[in-house]
Amino acid sequence: YVRLEQVTRLGGFPISFREGASVCAARLEQVIPGIDRETAGKAMAAVDRAAFGNENQREITPEQRQQLWLVYEAACRYTEERLGPLWRWYFRYIKAFF
């Protein structure tokens, strides 16, 4: 999730988990083409569970991990498309977001 936060900040549409999972999901759905509310909601719910669940519930399922990866990858692609050539190079090869 930290990497997702960094990508959205660099892309100019910052999200913060402090705002809550539903707010983050709504913002991601609003900004990133191809991300629907259900996918974003499941991904942010997984982050919420991993961060704030009790000790027995912190493990996320492979399906939740996949949902989070789909959102992260879409955010990376969207951000990379919006960057200029130098920032795009920095984003892909120095920061190595994906």
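A brief look at the structure comes next. (Residues numbered from 1 in each chain as written. Predicted model: local features only at pLDDT ≥ 70, side-chain atom pairs only at ≥ 80, totals over all residues. Heavy atoms only, no water.)

## Comments concerning the packing of aromatic side chains
Then, in step 1: A full pass over the atoms with the stated rule returns five aromatic pairs.
Then, in step 2: Seen from their ring centres, Trp87 and Tyr90 are 5.4 Å apart, and the 90 degrees between their planes marks the pair as edge-to-face. Taken as a pair, Trp87 and Tyr90 lie in helix H5 (residues 85-94) at a separation of three residues, close to a single helical turn.
Then, in step 3: Judged by relative accessible area, Trp87 falls into the partly exposed class, the value being 48%.
Then, in step 4: Residue Tyr90 is classed as partly exposed on the basis of its relative accessible area of 30%. (Phe/Tyr/Trp six-rings, centres within 6.5 Å; stacked < 30°, edge-to-face > 60°. Helix = DSSP H or I, 4+ residues; strand = E, 2+ residues; numbered from the N terminus. Buried < 20%, exposed > 50% of the residue type's maximum accessible area, 1.4 Å probe, protein only.)

## Re the state of the cysteines
Then, in step 1: On inspection of all chains with the given rule, the structure shows zero disulfides.
Then, in step 2: No disulfide involves Cys24; its sulfur sits 16 Å from that of Cys76, the nearest cysteine. (Disulfide = S-S within 2.5 Å.)

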